[in-house]
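Topology and contacts: notes
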Amino acid sequence: MCGRYATTTNPGKLAVELDALDETGSENDSGGNNFTNYNVAPTTQVLTVVERHEHGHPDDDPKLRIRRMRWGLVPVWTKAAEPGVPVKGKPLFNARADKAATTPSFRDAVKYRRCLVPMDGWYEWLVEPDTGKKGKVAKQPYFMANADGSRLYMAGLWSVWRDKSLPDSDPLLSCTILTTDAVGDLTRIHDRMPLPMPREHWDAWLDPDHPAPADLLATPTPDVVAGIVARPVAQLVNSVRNNGPELLEPLDDATKTAEQISLL
């Protein structure tokens, strides 16, 4: 699964790198620096990459667009708790890639509303015996990221929710990150992982006019994550109140450092 991740990019930089349109309104909030987040948690506003036609021009070529969305997909059929606010429920921040096409909350998005979620890396917790407490276990956080520091792009789905009683209100955009079976040495940390989307598959994955090829939802081969390394990090990440670059620093503990897992 993927319940926490880190991102240090901003919409303007991402738009330039991808030759995309920045639709986040970041020019009005100090360049979008508020999107730098070392401890992204569900319900946070996050950056996504979509490909859409210009509104009212379905025959024009679609264009990459950077959009902000709530992490935790809100299905279009969700009722309103109060005007303009959807009913609260368990945030749908992950969706199983192998079941999304048949799950009511996600199946429409699989067809025509797919996205990419950029991140520096994600956190996962490895359950280990706690040598200090008999019969107890400890959860050691790890940070998974590309060894060369390059950005990861995970497959996601998105939704547009509107309060039907307020047709002129702004829509709520929300997203979920697809997960798949872990592969390679990542299985030593957790049995699930976010689904990476290699650059060569972006055109097919983001295509707004056609369903995604089924093979893009399949568990990837180990070579897809060959550049990823996993390193133990401090327990600071356990609390969403902690947020800073120190969360990404490897543990000073020599024993933990020696246990660094490399997928190279």
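Our structure is the block above this text.
Residues numbered from 1 in each chain as written. Predicted model: local features only at pLDDT ≥ 70, side-chain atom pairs only at ≥ 80, totals over all residues. Heavy atoms only, no water.

Aromatic ring pairs are reported here in terms of the distance separating the ring centres and the angle at which the planes meet. Applying the stated criterion across every chain, the model contains four aromatic pairs. A centroid spacing of 5.1 Å and a plane angle of 65 degrees characterise the contact between Tyr5 and Trp71, whose relative ring orientation is edge-to-face. Pair noted here: Tyr5 is in strand 1 (residues 5-7) and Trp71 is in strand 5 (residues 63-71), with a separation of 66 residues, a long-range link. The two residues Tyr5 and Trp71 agree in class, both being buried. The interplanar angle of 70 degrees and the centroid separation of 4.7 Å between the aromatic rings of Tyr153 and Trp202 together place this pair among those described as edge-to-face. Note that Tyr153 is positioned in strand 12 (residues 152-161) and Trp202 in helix 3 (residues 202-206), a separation of 49 residues in sequence. On the basis of relative accessibility, which here comes to 12%, the residue Tyr153 falls in the buried class. Lying across the ring of Trp205, Arg114 places its NZ or CZ 5.6 Å from the centre. (Phe/Tyr/Trp six-rings, centres within 6.5 Å; stacked < 30°, edge-to-face > 60°. Helix = DSSP H or I, 4+ residues; strand = E, 2+ residues; numbered from the N terminus. Buried < 20%, exposed > 50% of the residue type's maximum accessible area, 1.4 Å probe, protein only. Lys NZ or Arg CZ within 6 Å of the ring centre and 35° of its normal.)

Another point: helix 1 (residues 11-18). Taken together, the buried positions of helix 1 are occupied by Pro11, Leu14, Ala15 and Leu18. Buried residues in helix 1, looked at end-on, bunch into an arc of 100 degrees, giving them a common side. By the N-cap criterion, in which a side-chain oxygen at the helix start approaches the backbone nitrogen of a residue two or three places on, helix 1 is capped by Asn10, the distance to Gly12 being 3.1 Å. Within two residues after helix 1, Asp19 carries a phi angle of roughly 55 degrees, on the positive side. (Arc of directions from axis to C-beta. Polar contact = N/O pair within 3.5 Å; in protein donor to acceptor, adjacent residues only side chain to side chain.)

Bringing the pairing of strand 9 (residues 114-119) into the picture now. Taken across its six residues, strand 9 has six buried, putting it largely inside the fold. Side chains of strand 9 alternate between two faces, with Arg114, Leu116 and Pro118 and Cys115, Val117 and Met119 buried alike.

Right, let's get into the layout of surface pockets. The calculated volume of the largest pocket comes to roughly 340 Å³. Along the lines of polarity and charge, the residues of the lining of the largest pocket split into nine nonpolar, four polar and four charged. (1 Å grid on protein atoms, 1.4 Å probe; cavity = no way out; pocket = protein on both sides within 12 Å on 5 of 7 lines; lining within 4 Å. Points joined across faces, edges and corners; volume = space filled by probe spheres on them. Nonpolar A, V, L, I, M, F, W, Y, C, P; charged D, E, K, R; others polar.)

Below, the discussion takes up the environment of Ala138. Here Ala138 shows up in strand 11 (residues 137-146). For the pair formed by Ala138 and Trp125, sequence separation is 13 residues and the distance between their alpha carbons is 9.2 Å.

Our next topic: unusual backbone geometry. Phi at Asp19 is positive, roughly 55 degrees, even though this residue is not glycine. Locating Asp19 in the fold gives a position in the loop between helix 1 and strand 2 (21-22). Its identity is not glycine, yet Thr43 carries a phi of approximately 80 degrees, on the positive side. Relative to the elements of secondary structure, Thr43 occurs in the loop between strand 3 (37-40) and strand 4 (45-52).

Attention now moves to the pairing of strand 13 (residues 172-181). Among the 10 residues that make up strand 13, eight are buried, leaving the element largely enclosed by the rest of the structure. Pairing of strand 5 with strand 13 involves two bridges; the strand directions are parallel. Directly across from Arg70, in strand 13, lies its bridge partner Ser174. Both strand 8 (residues 94-96) and strand 13 contribute to a ladder of three bridges, which runs parallel. Of the residues in strand 13, the one forming a bridge with Ala95 is Leu178. Where strand 12 and strand 13 come together, six bridges link them in antiparallel fashion. Across the sheet, Ser159 pairs through a bridge with Ser174, a residue of strand 13. As paired elements, strand 13 and strand 14 (residues 192-194) share three bridges and run antiparallel to each other. Its bridge partner lying in strand 14, Asp181 is registered against Arg192. (Pairing = 2+ DSSP bridges.)

All quantities given are derived from atomic positions and should not be read as evidence of function.
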